[in-house]
Amino acid sequence: MKVIYARVSTTEQNEVRQLKECDKTFIDRCSGAIPFLDRPQGKKLISFLKLNPEATTLVKSVDRLGRNTIDILNIVQMFRDNEWSIEIEDLGMNNKSPFFDLMISLMGTLAEHERKMIKERTKQGIEIRKANGGYKGRVKGSKDDRDKILKKHIDVVTCLEGNMNITDIAKVTGKTRATIYKVKNIL
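Here, residues in each chain are numbered from 1, in the same order as that chain's written sequence. Predicted model: local features are reported for residues with pLDDT of at least 70 only, side-chain atom pairs are reported and counted for 80 or more only, and whole-chain, interface and lining totals are derived from all residues. With hydrogens and water set aside, each side-chain value is computed from the structure's full complement of heavy atoms.

K.L.:
How should the overall build of the chain be read in this particular structure?
P.N.:
Helix and strand counts for the chain stand at 7 helices and 5 strands. Each helix is a run of H or I in the DSSP string that is no shorter than four residues. Each strand is a run of E no shorter than two, and both are numbered from the N terminus. Listing every helix and strand of the chain by position from the N terminus yields β-β-α-β-α-β-β-α-α-α-α-α. Principal-axis analysis of the C-alpha atoms places the extent of the chain at approximately 55 × 35 × 30 Å. Exposure is judged per residue with a 1.4 Å probe applied to protein chains only, and the accessible area is read against the type maximum: over 50% gives exposed, under 20% gives buried, and values in between give partly exposed. Taken across its 187 residues, the chain has 40% of its residues classed as buried. Nonlocal contacts in the chain, meaning residues at least 24 apart in sequence, comprise 53% of its contacts between residues at least 6 apart. For the chain, the accessible area works out to roughly 11,200 Å², and carbon and sulfur atoms hold 53% of it. Contacts are residue-level and defined by heavy atoms, with any inter-residue pair within 4.5 Å sufficient. All accessible-area figures derive from a Shrake-Rupley calculation using a 1.4 Å probe, and residue coverage is judged against the displayed protein chains alone.

Okay, here's the thing in structure tokens:
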């Protein structure tokens, strides 16, 4: 039996490139910074594997598991400890390969680095726009309705439902405390 785990960072992203024919699909729509076991579909996948240990989990690339090397390594260790099979399509290997741990460590570190670079490029772009008078920031207040806010900040919702504290949620998601409190008050 083959199952797919896919993750996209935003609701605008399309997960189609990560999908192919399989028996079951688990798709998370959240930041890769959210720990795997705090994601709704990540939790469902683990529960599914406990009942179906013979299933092989297919993942398009290492960064779909996360953007934190330690979290990625912990997930891979959980698969190993439970003798579950995981296959990373872009690497062309599974956790039975002797080079799997080396490649996961390397690719996980690159995924974490890429997340830092994305944040840095965004910050630089905003600074350039501000210097040229083109960046005004977001409009004060929000006209979004309750459902749109919750959908927009699904990563915060997931963390709040996992009983994480506000400081940790801010670190994990990169969202401001004000945004986190706004979402918390809606829930």
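K.L.:
Hey, could you run me through the side chain of Asn-95 in this one?
P.N.:
The topology assignment puts Asn-95 in the loop between strand 5 (93-94) and helix 3 (100-131). Judged by its relative accessible area of 17%, Asn-95 is buried. With residues up to four places along the chain from it excluded, the contact list for Asn-95 reads Phe-79, Trp-84, Ser-85, Ile-86 and Phe-100.

K.L.:
Sorry, what's going on with the packing of helix 2 (residues 69-81) against helix 3 here?
P.N.:
Helices that pack against each other are described as a pair by the angle of their axes relative to one another and the distance between those axes. Two elements in contact, helix 2 and helix 3, have axes whose closest approach is 8 Å; the angle formed by their N-to-C orientations is 150°. Classified by the angle their axes make, helix 2 and helix 3 are roughly antiparallel. The way helix 2 lies across helix 3 gives a crossing that is right-handed. Along its contact with helix 2, which presents Thr-69, Ile-72, Leu-73, Val-76 and Arg-80, the element helix 3 presents Phe-100, Asp-101, Ile-104, Ser-105, Gly-108, Thr-109 and Glu-112. Following the grouping adopted for this structure description, the nonpolar residues are Ala, Val, Leu, Ile, Met, Phe, Trp, Tyr, Cys and Pro, the charged ones are Asp, Glu, Lys and Arg, and the polar ones are all others, Gly among them. For the contact of helix 2 with helix 3, the class distribution of residues is 5 nonpolar, 4 polar and 3 charged. In this analysis an axis means a line fitted to C-alpha atoms, helices contributing only their contacting stretch, and an angle means the value between N-to-C directions, from 0 to 180 degrees. Oblique is the label for any angle not covered by the other classes, which are roughly parallel (under 35 degrees), roughly antiparallel (over 145) and roughly perpendicular (65 to 115). The hand of a helix crossing depends on one turn: near helix anticlockwise from the far one by less than a right angle means left-handed, and clockwise means right-handed.

K.L.:
Is there a simple way to think about helix 7 (residues 177-186) in this case?
P.N.:
Residues of helix 7 that are buried include every one of Thr-179, Ile-180 and Val-183, and no others. One side of helix 7 holds all its buried residues, which, seen down the axis, span an arc of 100°. Structural note: helix 7 exposes Ala-178 and Asn-185 on the side pointing more than 90 degrees away from its buried face. Taken from the helix axis, the directions to the C-beta atoms give the arc we talk about.

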